[in-house]
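# A structural walkthrough
Given next are the chains, with one letter for each unit.
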Amino acid sequence: SAYHKLTATNFAGFLSPSSDTSQRFFTPASSQATADLCAVMSMGARIFQPYNASFAAQCQTVADKAWTWLQANPGELLANLAGFGTGAYNEAGTDADHRVWAAAEYWQTTGNAGGLSDFESRMAADPDKVSVYWDWGEHLYGKRGPKNHGIFTYLLSTRSGRDPVRVADLQA
């Protein structure tokens, strides 16, 4: 699992980052952070491969560990952020959207059939499909953002194996 975030206990105010000397703390882990780590490290492995194979391999190792954790822990794990006033970014009920992104990126990078299956089954069960909220605004709008990243990775993929019904449904 991945720490949810590194943060001070409260926002520092309007000052330059170099002037902020607040003590930082790792918060407890969350499934959302682990899914986001899987997605970003999968992308890193794919993007950096032509330029720095060693770094790409390190990214892939982290993505593999995050993916393994997500598969072994299918339930939503929210970080306990008691004592922190710097924004939760940890809303109940958003876990699936982060996992959609992770599954799509992991599949796109590795070709892992489990990633493809996870993505397609989650999207088949999701009545909302693409969200009109393009940012990470689940805390602002009660909507989800990261799943859009996964949907577009899936739709733009040239990998074989995608379900044509799912592709058509997402393009509609």
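Values in this document were obtained by computation on a predicted structure and should not be read as measured data. (Residues numbered from 1 in each chain as written. Predicted model: local features only at pLDDT ≥ 70, side-chain atom pairs only at ≥ 80, totals over all residues. Heavy atoms only, no water.)

Inspection of the secondary structure puts S160 in the loop between α6 (146-156) and α7 (164-171). Sequence-wise, S160 and G111 are 49 residues apart; in three dimensions their C-alpha atoms are separated by 8.9 Å. (Helix = DSSP H or I, 4+ residues; strand = E, 2+ residues; numbered from the N terminus.)

Turning our attention to the side chain of Q32. Locating Q32 in the fold gives a position in helix α1 (residues 31-48). Given a relative accessible area of 1%, Q32 falls into the buried group. Here the side chain of Q32 touches E76 through a polar contact of 3.4 Å, side chain to side chain. A distance of 3.5 Å separates polar atoms of two side chains, one belonging to Q32 and the other to T94. Not counting residues within four places of it along the chain, the set of residues in contact with Q32 comprises E76, L77, L78, N90, E91, T94, D95 and H98. (Buried < 20%, exposed > 50% of the residue type's maximum accessible area, 1.4 Å probe, protein only. Polar contact = N/O pair within 3.5 Å; in protein donor to acceptor, adjacent residues only side chain to side chain. Contact = heavy atoms within 4.5 Å.)

This part takes up the packing of aromatic side chains. Throughout the structure, instances matching the rule amount to six aromatic pairs. The interplanar angle of 65 degrees and the centroid separation of 6.2 Å between the aromatic rings of F25 and F84 together place this pair among those described as edge-to-face. With F25 in strand β3 (residues 25-26) and F84 in the loop between α2 (53-72) and α3 (95-110), this pair connects stretches of sequence that are 59 residues apart. Classification of F84 by relative accessible area gives partly exposed; the value is 24%. Sitting above the plane of the Y154 ring, R162 keeps its charged end 5.7 Å from the centroid. (Phe/Tyr/Trp six-rings, centres within 6.5 Å; stacked < 30°, edge-to-face > 60°. Lys NZ or Arg CZ within 6 Å of the ring centre and 35° of its normal.)

We now examine the packing of helix α4 (residues 113-125) against α6. The packing of two helices is summarised by the inter-axis angle and the distance between the axes. For the pair α4 and α6, interaxial distance at closest approach is 12 Å and the crossing angle is 115 degrees. The element α4 and its partner α6 pack so that their crossing is left-handed. Here L116, F119, E120 and M123 of α4 come into contact with α6, specifically with G150, I151 and Y154. Counted by class, the contact of α4 with α6 contains five nonpolar, one polar and one charged residues. (Axes fitted to C-alpha atoms, helices over the stretch in contact; angles between N-to-C directions. Left-handed = near helix turned anticlockwise from the far one by under 90°. Nonpolar A, V, L, I, M, F, W, Y, C, P; charged D, E, K, R; others polar.)

By secondary structure assignment, the location of D163 is in the loop between α6 and α7. Residues contacting D163, with those up to four places away along its chain left out, are E120 and Y154.

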